[in-house]
Amino acid sequence: MELTGAEITIRCLQEEGVEHVFGYPGGAVLFIYDELFKQDKVKHVLVRHEQAAVHAADGYSRSTDKVGVALVTSGPGVTNAVTGIATAYMDSIPMVVISGQVPTSYIGEDAFQEVDAVGVTRPCVKHNFLVKDAKDLAVTLKKAFYLAKSGRPGPVLVDIPKDVSNQKVAFSYPETISIRSYNPVTHGDAGQIKKAVQLLLEAKRPMVYGGGGVILSDAAKPLTELVRLLGFPCTNTLMGLGGYPANDKQFLGMLGMHGTLEANMAMQECDVLLAVGARFDDRVIGNVAHFNSVPRKIIHIDIDPASISKRVKVDVPIVGDVRQVLTDLLTVLHSSKQKPDAAVLATWWQQIEAWRSRKSLTYRNSDEVIKPQYVIEKLYAITRGEAFVTSDVGQHQMWAAQYYKFDQPRRWINSGGLGTMGFGLPAAMGVQLAHPDATVACVTGEGSIQMNIQELSTCKQYNVPVKVIALNNRYLGMVRQWQEFFHGNRYSHSYMDALPDFVKLAEAYGHVGMHVEKPSDVEGALREAFKLKDRLVFMDFQTDPTENVYPMVPGGRGLSEVILAEDL
Amino acid sequence: MRHIISLLMENEAGALSRVAGLFSARGYNIESLTVAPTEDPTLSRMTIVTRGSDEVIEQINKQLNKLVDVVAVMDLSDGGHLERELMLVKVRAMGQNREELKRMTDIFRGRIIDVSAQTYTLELTGTGSKLDSFLQAIDHDLILETVRTGASGIGRGDRILKL
């Protein structure tokens, strides 16, 4: 059976079970859009900007375990998509981006809407392909999906020139694929796992630190089982929230630059650290030399060998799929007669409780002005902790991470690695389309939301009833906070003047807008908004412009060199 | 420390730029890089000479392995290995210099591969330091042009990098 490249593209998406594609048409992808039109298995969501297409596919993927798919045209279509692709790359999100390209005979001639898509995206994709012959298209797309979701996941771009999408060739979709140069390890080394178990059992001040890898490999269950079995304290990174239930007493909260005192101190002072699907990045452990100044044994489980001993030297590296390794670790642990020394652990917990009793997330609430933390606490209460929460980037992101207690994985959707403002709303669209009946909230700021606010239009077109919680402090809050702390209160270009009337704006897009100024109105407004199940509600909360995120470990400092709210 | 890393990669468009891009994006140093197809036309063999601390070299090896187009990586410096570089040198060869340059070329086991009334073109192979020595041994003012390939490396004896 002969099919055109465009038909093959759509057939491959169907074969992969893709239900939603987020995209924007243009000249180079017209044949592909024509084929989309002729079928109804793959639903297309027309965004308003290609960056949003990729973020939506990203949110879709993060909230499920599926590969997100975006479709963009050549030239500006691809360059607009780059921020989204880089966001997915930094957070290892499985994604396939299909881009149109000018016809093969035009490549290199500076044709209209030509850009070297493979070149432009190379540093921020797991892999990419330029398909020069329709004969290679099916195999390439199969490879793309396989690469995107296996091993350490990531975005894969497939660039399809216009003539290739119109070229007729025989079609058969390969059932399986193997790539000789790509063989990700799944099982960890048994000897290393035994060594790890021994270290854990003999630990005096143990600590478990779980990152985004726990979420990506669906390992929350074995991680929780392991931590409970051992009776150890556990922390999650910003990317790992929900990997261990936040309401559990063994959970110390998030660690890192804005982590709790107890999480950061336990991380610093522990003698055995079990790192699971995490990468010791600068926002998590701060200054490496300071972190290394305390001797401790580190066990590191990660699917990517390059993540091990990259910033911090590791004693027991275990390369493998996090869920598989944790399951094997549990088996060894169950068969071991030895148990952790309860008395020694109790002493360690006493120390941890002393740190915890400092209540580092306490903030001074007010009757006069809305405290952003209070909004998140109320959001948590009203959604009973069951919402999918996406966020943009800045102070509101940190407050959402600190005060919304995620008990389940894949509920907290944020751009952790790249820190992409403008991520929240399109990501929320992707989440809502993946979970039509779920409650989805986008916590954002008046700065971030304006970076992809045009997506309110997409939300209208597809009836996406997300709740936008804008913590509007009239400042680029995190920038303002750094300027206050480190730049002598010189608020250089961090004040946002001439903000739009967000209520009117929401209404102009056909949504419901709410303006909330008084702390006493916060709860009622949230209740009212979440009752409007079928409507997008944009909630503009006028929050305290001077509020800062605490605790804070200043950039380049050590985890114990923390600024607490009570210090000021 | 100086390391010589050998790799086999898919002989595909763009594979070289993935490797080169990795080095520049992560701030790794490249002293030289050579690449050409092997007896198996689907594979290219690359030799990279780089410098870095043990930690950096470990990362380079891991990051190279992570590239989907890279089939196999071997740090030749981890064991016995040979390395050779080819150099072509065009020199001004007139009068008494003609004889002197011929003699030096013989001493370094090079060959004269092109002769004109005023010039010789010399071909030398060896380690980088041998080629450096040759350039230092002859009169600097006579050198018109030098072309060096960068090092190619191979393991000694049973150290084989093959699919």
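Residues numbered from 1 in each chain as written. Chains lettered and ligands numbered in written order. Predicted model: local features only at pLDDT ≥ 70, side-chain atom pairs only at ≥ 80, totals over all residues.

### Here's the deal with the overall build of chain A
Short version of the rule: Strands here mean DSSP runs of E at least two residues long; helices mean DSSP runs of H or I at least four residues long; both are numbered from the N terminus. Just to be clear, the radius of gyration here is over C-alpha atoms, and the globule rule we use is 2.2 Å times residues to the power 0.38. Three classes are used. A residue is buried when 20 or more other C-beta atoms lie within 10 Å of its own, exposed when 12 or fewer do, and partly exposed in between, with C-beta atoms placed from the backbone. For every residue pair, C-beta atoms are placed from the backbone, and the pair is scored as a contact if these atoms sit within 7 Å.
Each helix and strand counted, chain A has 22 helices and 20 strands in total. What you see for chain A is a C-alpha radius of gyration of 24 Å, in line with the 24 Å of a compact globule of 568 residues. Of all 568 residues assigned to chain A, the portion counted as buried reaches 57%. Within chain A, contacts between residues at least 6 apart in sequence are counted, and of these 77% link residues at least 24 apart.

### Notes on the overall build of chain B
Tallying secondary structure elements over chain B gives four helices and nine strands in all. When the elements of chain B are put in sequence order from the N terminus, they spell out β-α-β-β-α-β-β-α-β-β-α-β-β. Split into buried and exposed, the 163 residues of chain B put 26% on the buried side. Across chain B, every contact between residues at least 6 apart in sequence was considered, and the portion connecting residues at least 24 apart equals 74%.

### Structural notes on the environment of A:Val332
Residues and elements named next belong to chain A. Among the structural elements, Val 332 can be located in helix α14 (residues 322–335). C-beta crowding within 10 Å serves as the criterion here: with 15 such atoms nearby, Val 332 is assigned to the partly exposed category. Those residues in contact with Val 332 that sit more than four places away from it in its chain are Ile 193, Lys 194 and Val 197.

### Notes on the interface of chain A and chain B
Here is the rule we go by: Ten residues, namely Ala, Val, Leu, Ile, Met, Phe, Trp, Tyr, Cys and Pro, are considered nonpolar, four, namely Asp, Glu, Lys and Arg, are considered charged, and the remaining ones, Gly among them, are considered polar.
The interface of chain A with chain B comprises 13 residues on the first partner and 15 residues on the second. Split by residue class, the side of chain A that touches chain B holds seven nonpolar, three polar and three charged.

### A few points about the pairing of strand β3 (residues 43–46) of chain A
For a regular strand, side chains alternate in direction, first toward one face of the sheet and then toward the other. Residue and element names in this part refer to chain A. Put simply, the rule is: Here the rule is simple: two strands pair whenever DSSP picks up at least two bridges between them. Here a crossover is taken to be right-handed if, once the strands point away from the viewer, the path from the first strand over the helix to the second is traced clockwise.
Here strand β2 (residues 20–23) runs beside β3; their pairing, made up of four bridges, is parallel. Bridge pairing in β3 places Gly 23 opposite Leu 46. The β-α-β motif built from β2, the intervening helix α2 (residues 30–37) and the parallel element β3 has right-handed crossover chirality.

### Quick word on helix α15 (residues 342–356) of chain A
Residue and element names in this part refer to chain A. As a reminder, the rule being used: In this analysis, the expected span of each helix is defined as 1.5 Å times one less than the number of residues it contains. Arc definition: directions from the helix axis to the C-beta atoms.
Its 15 residues place the ends of α15 20 Å apart at the C-alpha level, agreeing with the 21 Å of an ideal helix rising 1.5 Å per residue. Along α15, the residues classified as buried are Trp 348, Ile 352 and Arg 356. Taken around the axis of α15, the buried residues stretch over an arc of 90°, which confines them to a single face. Relative to its buried face, α15 has exposed residues pointing more than 90 degrees away, namely Ala 343, Ala 346, Thr 347, Gln 350, Glu 353 and Ala 354.

### Some words on the sheet that holds strand β12 (residues 272–276) of chain A
Residues and elements named next belong to chain A. As a reminder of what qualifies: To obtain an axis, a line is fitted to C-alpha atoms, over the contacting stretch when the element is a helix, and the angle between two such axes runs from 0 to 180 degrees between their N-to-C directions.
Strand order across the open sheet formed by six strands is β11-β10-β9-β12-β13-β14, with parallel pairing between neighbours. The outermost strands of the open sheet, each flanked by one partner alone, are β11 (251–254) and β14 (316–319). On average, adjacent strands in this sheet sit at an angle of 15° to one another, irrespective of strand direction. When β12 meets strand β13 (residues 297–302), the two strands line up parallel, connected through five bridges. The residue of β13 that forms the bridge with Val 276 is Ile 301.

### Some thoughts on unusual backbone geometry
Leaving glycine aside, a negative phi is the common case for residues, and trans is the common case for peptide bonds. Residues and elements named next belong to chain A. A cis amide bond links Tyr 550 to the next residue, Pro 551, at an omega of -5°. Tracing the sequence through the fold places Pro 551 in the segment after β20 (537–542). Positioned with a positive phi, Asp 110 is a non-glycine residue whose angle comes to about 55°. As for its position among the elements, Asp 110 is in the loop between β5 (95–101) and α5 (117–121). One non-glycine residue, His 493, lies in the positive phi region at around 55°. Position of His 493 relative to the elements: it lies in the loop between α20 (477–486) and α21 (502–508).

### Concerning the nonpolar core
Across soluble globular proteins, nonpolar side chains show a tendency to be buried alongside one another. Rule in force here: Nonpolar cores are identified as sets of buried Ala, Val, Leu, Ile, Met, Phe, Trp, Tyr and Cys residues joined via C-beta atoms within 7 Å.
Core analysis: the biggest nonpolar cluster contains 204 residues, and A:Ala53, A:Ile85, A:Val96, A:Val276, A:Ile469 and A:Met539 have the highest contact counts within it. At eight residues, the largest contribution of residues to this core is made by helix α4 (residues 76–90) of chain A. Beyond its immediate stretch of four places on either side in the chain, A:Ile85 contacts A:Val54, A:Val97, A:Thr121, A:Cys124, A:Val125, A:Pro155 and A:Leu157. In terms of nonpolar packing, the next biggest core, distinct from the first, is built from nine residues, B:Met87, B:Val89, B:Val91 and B:Leu101 among them.

### What about the confidence of the model for chain B?
Cut-off, in case you're wondering: The pLDDT value expresses, per residue, how confident the predictor is, ranging between 0 and 100.
Looking at chain B as a whole, its pLDDT mean stands at 96, while 100% of the residues score no less than 70. Overall fold confidence for the complex sits at a pTM of 0.96, while the interface term, ipTM, reaches 0.93.

### Some remarks on the packing of helix α11 (residues 261–269) of chain A against α15(A)
Residues and elements named next belong to chain A. Just so we agree on the cut-off: Crossing handedness: left-handed means the near helix sits turned counterclockwise from the far one by under a right angle, and right-handed means the same turn made clockwise.
Running from N to C, α11 and α15 cross one another at 145°; their axes reach a closest spacing of 8 Å. The hand of the α11/α15 crossing is right-handed. Residue-level inspection shows Leu 261, Glu 262, Met 265 and Ala 266 of α11 in contact with α15, the latter providing Ile 352, Trp 355 and Arg 356. Each residue belonging to the contact of α11 with α15 can be placed in one class, and the counts come to five nonpolar, no polar and two charged.

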